[in-house]
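Understanding the architecture of this molecule
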Amino acid sequence: MKGAATLGVIGLAGCTGDGNGNGNGDGEVTTITIGGTSTGSSTQAAGQALARAASEHSDIVEISVQETDGWTANLYEYDDGQIPAMGVDNNSLAQAIADEGPFEEEPVEDLPHQGFLFTSLQIHWVGLEGSGVESTQDLREGGYTIYPIQPGFGTRLLTEEIIKEADMWDQNDILNVDTGDIPGAVEEGRVDALCLYGSNGVDLAGWCQEVDVRSGEGLYLLEVDDDFRQTIDDHPGAILEEIEPYGYEQEVTDVTDEMVTWSLAGQWAFSPDIPAEATREVCRLAMEHEDTLRESDPTTLEYSPEAMTQTVIPELEIHAGVADFFEDEGVWDDSWTRGE
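Residues numbered from 1 in each chain as written. Predicted model: local features only at pLDDT ≥ 70, side-chain atom pairs only at ≥ 80, totals over all residues. Heavy atoms only, no water.

Looking at the overall build of the protein
Within the protein, the secondary structure is distributed over 12 helices and 12 strands. The C-alpha radius of gyration computed for the protein amounts to 20 Å, which stays within 12% of the reference 20 Å derived for 340 residues, consistent with globular compactness. When its C-alpha atoms are laid out on the principal axes, the protein stretches across 65 × 40 × 35 Å. By residue count, 59% of the 340 residues in the protein fall in the buried class. Roughly 13,400 Å² of accessible area belongs to the protein as shown, and the carbon and sulfur atoms make up 39% of that amount. Charged side chains in the protein number 12 positive and 71 negative. The centres of these two groups are separated by 2 Å. (Helix = DSSP H or I, 4+ residues; strand = E, 2+ residues; numbered from the N terminus. Rg over C-alpha atoms; globule rule 2.2 N^0.38 Å. Buried < 20%, exposed > 50% of the residue type's maximum accessible area, 1.4 Å probe, protein only. Areas by Shrake-Rupley, 256 points an atom, 1.4 Å probe, with all protein chains shown as cover. Lys, Arg positive; Asp, Glu negative; His and termini not counted. Charge placed at Lys NZ, Arg CZ, Asp CG, Glu CD.)

So, in structure tokens, the structure goes:
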């Protein structure tokens, strides 16, 4: 279950299809509305890129992107019938399946069918000049104001769990603001350390780039101690990575030149009401038109059939159209379950 996602809405519109791979031949187009979390998020960027690819290269699928409150929140939106498909990270999805974490007291009954991997978010610590924070050990001693990402985000859920498991939560003040407000808080000096993330080793999320710009030259990577590394490695929803810094306009290696991340994989997920040929077409767009995706979203994943299966959770159905695509590409595993 180690290892995010987006939404699908169903609608039909008149269109001429050629019946030969691009068109469905019956004059209908399926519209998939993707819930792309907040403005400036990695999911929003990836959803907009997918919408561009559909517009330019498909006559059987149209994609639009709407703003939502985050991956974890999307599960509740989907369950309430507010969105017909959704974006979700694997940690939130696994906890929803097991009625654990936030879903223990507020479980969801209806879950989407799985799609495919579209991003890996590499979450990490940074400190601000003048804060006195240089390491995760400093945060364990407490007395600081920290920003563990916006409530409702799947990245927040995972980050909060890891910070609590590392015994760094109660002794610090938690700043709960939207990602659109945190650049201003950084600029005003209202936070000492915060968690940011980049996508697929390419670039920071849009709101994180804004933090970088508005912090002046005051950001730096925190030193991560062995206990915090072990906490990441022990968490079933996180992947421990130790990589070179990327995405920052300023030099962030005053304390350490290593970016230690708790990475979170994400997938597109779809309502079973969406026709199989539509989600199969979305898979085709990702595989065959990666260049178009990257023109819109430079952090686009390097797609391959094998990579697209890396977020599969065996306990949950895979959308029928995605299952068809996996079978066509020879990456289907008979232990997985095809959705109806």
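Examining the environment of serine 64
Relative to the helices and strands, serine 64 is located in strand β3 (residues 61-66). Of the residues examined, serine 64 reaches a relative accessible area of 30% and is grouped as partly exposed. Put simply, serine 64 and isoleucine 34 are 30 residues apart on the chain and 5.9 Å apart in space, counted from C-alpha to C-alpha. Those residues in contact with serine 64 that sit more than four places away from it in its chain are Ile32, Thr33 and Ile34. (Contact = heavy atoms within 4.5 Å.)

Considerations on unusual backbone geometry
The phi dihedral of threonine 37 is positive, around 55°, even though this residue is not glycine. Mapping threonine 37 onto the fold places it in the loop between β2 (28-35) and α1 (42-57). Phi is positive for asparagine 200, close to 55°, though the residue is something other than glycine. Mapped onto the elements of the fold, asparagine 200 is located in the loop between β8 (193-199) and β9 (203-204).

Here's the deal with the side chain of histidine 319
Here histidine 319 is to be found in the loop between α11 (305-308) and α12 (320-328). Note on histidine 319: relative accessible area 2%, which makes it buried. Excluding anything up to four places from it in sequence, histidine 319 contacts His113, Gln114, Phe270, Ser271, Pro272, Ile274, Pro275, Ala276 and Thr279.

Let's talk about the pairing of strand β5 (residues 113-128)
Counted residue by residue, β5 has 16 buried out of 16 residues, so it is predominantly covered. Sheet topology places β5 next to strand β12 (residues 259-270); eight bridges connect them, and they run antiparallel. Bridging across to β12, glutamine 122 finds its partner in serine 263. Bridge count between β5 and β8: seven bridges; the pairing is antiparallel. Bridge assignment links glycine 127 to a residue of β8, and that residue is alanine 193. The pairing of β5 with strand β10 (residues 219-221) spans three bridges and is antiparallel. The residue bridging leucine 128 from the neighbouring strand is leucine 219, located in β10. (Pairing = 2+ DSSP bridges.)

Description of the confidence of the model for the protein
Any region with low pLDDT has predicted coordinates that should not be read closely. With 92% of its residues at a pLDDT of 70 or more, the protein has an overall mean of 90. Every residue in residues 1-25 scores below 50 in pLDDT, and together they form 118 contacts with partners more than four places removed in sequence or on other chains. (pLDDT = per-residue confidence, 0-100.)

Re helix α3 (residues 90-98)
Among the nine residues of α3, seven are classified as buried, and the element is accordingly described as predominantly covered. Asn90, Asn91, Ser92, Leu93, Ala94, Gln95 and Ala96 are the residues of α3 that are buried. Two to three positions downstream of the cap, the backbone nitrogen of asparagine 91 sits 3.1 Å from a side-chain oxygen, assigning the N-cap of α3 to aspartate 89. Following α3 by one or two positions, aspartate 99 adopts a phi angle in the positive range, close to 55°. (Polar contact = N/O pair within 3.5 Å; in protein donor to acceptor, adjacent residues only side chain to side chain.)

Describing the nonpolar core
Generally speaking, soluble globular proteins have nonpolar side chains that are buried together. The biggest cluster of nonpolar side chains holds 88 residues, and the ones touching the most others in it are Trp125, Ile182, Leu194, Trp207, Trp262 and Phe326. Among the elements that make up this core, the one with the highest residue count is β5 (eight residues). (Core = buried A, V, L, I, M, F, W, Y, C linked by side-chain atoms within 4.5 Å.)

A closer look at the packing of aromatic side chains
For the structure shown, the criterion picks out 11 aromatic pairs. One aromatic cluster in this structure is built from Phe325, Phe326, Trp332 and Trp336. The ring of tryptophan 169 has lysine 164 sitting right over it, with the charged end atom 5.1 Å from the ring centre. A cation over a ring is seen here: arginine 338 above tryptophan 332, with NZ or CZ 6.0 Å from the ring centre. (Phe/Tyr/Trp six-rings, centres within 6.5 Å; stacked < 30°, edge-to-face > 60°. Lys NZ or Arg CZ within 6 Å of the ring centre and 35° of its normal.)

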